Amino acid sequence: MVLLKSAKSHQQKLNKICLMITTLIVFLTMSAVSVNAKKTIQQKFEAKEAYVMDAKTGQVLYQKNGNHKRPIASLSKLMTLYLTKKAIDNHQITWDQKVPVDSELRKMSKSYEVGGFRIKRSKEYTVRDLYKAALIASSNPSAIALGKLVGGGNNTEFIKMMNEQAHAWGLDATFVSSSGLDNTDLGKYHYRVPHTSSKAQNMVSAKAISTVAAKVLAEFPSITKWSKQPSMKVGNQVLVNSNRLLPGSAFYHKSTHVDGLKTGFTVNAGLCITVTYWHDGRHLIATIIDSNTLYTSMNKLIKAVNQKYKPTKVALKAHTFSIDGHKLLANPEDSEAVIWQRNGTDSSHVINYAPVKTPLPITKGQTVGNAIVKLADNSSTATVPMNATTSVKKKPAKVKKATHKESLFKRIFGFVGGIFGGIYHLFVDFVKFMTP
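Residues numbered from 1 in each chain as written. Predicted model: local features only at pLDDT ≥ 70, side-chain atom pairs only at ≥ 80, totals over all residues. Heavy atoms only, no water.

Caption draft 1: Summary view of a positive patch on the surface. A surface patch of like charges, here positive, comprises K110, R118, K120, R121 and K123. Tracing the chain through its elements places K120 in the loop between α3 (103–109) and α4 (127–136). (Patch = residues over 30% accessible without salt bridge, like charges linked within 9 Å, V, L, I, M, F, W, Y side chains within 5 Å. Areas by Shrake-Rupley, 256 points an atom, 1.4 Å probe, with all protein chains shown as cover. Salt bridge = Lys/Arg side-chain N within 4 Å of Asp/Glu carboxyl O. Lys, Arg positive; Asp, Glu negative; His and termini not counted. Charge placed at Lys NZ, Arg CZ, Asp CG, Glu CD. Helix = DSSP H or I, 4+ residues; strand = E, 2+ residues; numbered from the N terminus.)

Caption draft 2: Molecular detail of unusual backbone geometry. Between G260 and L261 the backbone carries a cis peptide bond, its omega angle lying at 20°. In this structure, L261 sits in strand β7 (residues 258–266). At H195, a position not held by glycine, the phi torsion is positive, near 70°. Of note, H195 is situated in the loop between α7 (183–186) and β4 (203–204). Unusually for a residue other than glycine, H257 sits at a positive phi of about 55°. Within the fold, H257 resides in the loop between β6 (237–240) and β7. By relative accessible area, which is 44% here, H257 ends up partly exposed. (Buried < 20%, exposed > 50% of the residue type's maximum accessible area, 1.4 Å probe, protein only.)

Caption draft 3: Representation of the pairing of β6 within the structure. Every second residue of β6 is oriented toward a common face, the buried set being Q237 and L239 and the non-buried set V238 and V240. The pairing of strand β5 (residues 231–234) with β6 spans four bridges and is antiparallel. By the bridge assignment, M232 is partnered in β6 with L239. (Pairing = 2+ DSSP bridges.)

Caption draft 4: Spatial organisation of the sheet that holds strand β8 (residues 270–279). The five strands are arranged β2-β1-β9-β8-β7 in an open sheet whose pairing can be described as antiparallel. For this open sheet the edge positions go to β2 (60–64) and β7, each flanked by a neighbour on one side alone. On average, each strand axis in the sheet is tilted by 10° relative to the strand beside it, whichever way the strands run. With four bridges joining them, strand β1 (residues 49–54) and β2 adopt antiparallel strand pairing. (Axes fitted to C-alpha atoms, helices over the stretch in contact; angles between N-to-C directions.)

Caption draft 5: Layout of the layout of surface pockets. Roughly 1,600 Å³ of internal volume is contained in the largest pocket. As for the largest pocket, its lining consists of 49 residues, and the residues nearest its centre are K56, T57, G58, T211 and K215. When residues of the lining of the largest pocket are traced back to their parent elements, those giving at least two are β1, β2, α2 (77–89), α6 (155–168), α8 (206–219), β9 (282–289), β13 (336–342) and β16 (381–388). Tallied by class, residues from the lining of the largest pocket come to 21 nonpolar, 16 polar and 12 charged. Of the volumes computed, that of the second largest pocket is approximately 600 Å³. Taken together, 24 residues form the lining of the second largest pocket, with S74, E113, S138, G264 and F265 sitting closest to its centre. Elements with a minimum of two residues in the lining of the second largest pocket: β7, β8 and α10 (294–308). (1 Å grid on protein atoms, 1.4 Å probe; cavity = no way out; pocket = protein on both sides within 12 Å on 5 of 7 lines; lining within 4 Å. Points joined across faces, edges and corners; volume = space filled by probe spheres on them. Nonpolar A, V, L, I, M, F, W, Y, C, P; charged D, E, K, R; others polar.)

Caption draft 6: Molecular detail of the nonpolar core. F117, V127, L130, Y131, F175 and I223 are the most contacted members of the largest nonpolar core, which has 69 residues in total. The greatest single-element share of this core, amounting to eight residues, is contributed by α8. Not counting residues within four places of it along the chain, the set of residues in contact with I223 comprises Y131, L135, V216, L217 and L261. Of all hydrophobic cores here, the second largest spans 21 residues; its members include V52, L246, V258 and L284. (Core = buried A, V, L, I, M, F, W, Y, C linked by side-chain atoms within 4.5 Å. Contact = heavy atoms within 4.5 Å.)

Caption draft 7: The arrangement of the environment of S198 in detail. By the element assignment, S198 lies in the loop between α7 and β4. Taking relative accessible area as the criterion, S198 reaches 42% and is therefore assigned partly exposed. Spatially, the C-alpha atom of S198 lies 9.2 Å from that of L186, the residues being 12 residues apart in sequence. Not counting residues up to four positions away in its chain, the partners in contact with S198 are N183, T184 and R192.

Now the structure itself:
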């Protein structure tokens, strides 16, 4: 009897131990599942559209719905900033020039929703002041004022310039606003472009605005000295940079080397950002449009691209292009192209040379074609401009020369015509004389 009780007690203890072990295993399993689930959620990349490219060669390293036109909010200001800097370089305006700001824009600057930088009636602002305000604080009235200045005092004319520039670059983009605000907001301040709908907004793809960012960097390389600043003072106002990927900000990662460029948000566009960053000595551009985890997703996107690609150098040579019947030698802008290669793939490549439609005359140093480098196992390409080594004058207009036979006939008919003309005039004079 004692033995039975002892065995029973021993069995109960054993069952308890088994139960505890089973419970522990289940708990650990559930914990592991939970951790993996959290990792999966954290690693999930959230964005409606995304695009990553080399700033100089245009090579695409990643894209998700990159050609899909959609609202891009204040990323639109990149085109305004480009055209403003271009006008400065063309000596149409200057950095220190005072910018007219009307009462509607001053009123807009006071708005918590669409202002961003308080423009005071008692103060004058230079192009440099408003450029920084539009770039760093995403000031809508500052961007509009700059656009009006570049457009000769006409907002509608500047919007036309934005669309013409996009077309010249071959971008599928439609602009109705220099700031990125929708017409629902612009209409309140009488800045709605005529013949556009009450709800019209800029419609631009991630690829297109990334390309605009590349043009900004090419036109104004030192813009990153401003865009990488977490804050900056203009007058007695502090401009706070909303790019949270910069040093000192919550989502800053030392490994990403982000130094710009522009953020944006509207209800229709969602959270947007175009960044410039460095990797292996190259400047890259990454755009994310409409993401609820904007900065986390951008960090993960940059990290994934950096881990997947490495730069490969390809030597380039001079090439002869045929332009309007002229053989023209062109040198590559860089002696070698840098193309991004996926890790573990074949580095063999093909180089093609494509002429650019360029009418005469051509000046020395002008781009007349492109060297296009393509890796054997990659559909994306890197493009390097080819520049003319000499100038070519425009052909003079051809003047048709009369043949000897044509000239002889003209002289004969002229002589005969002169005789008959003389006879006619004599006859007319004789009739007049005989008429009483």
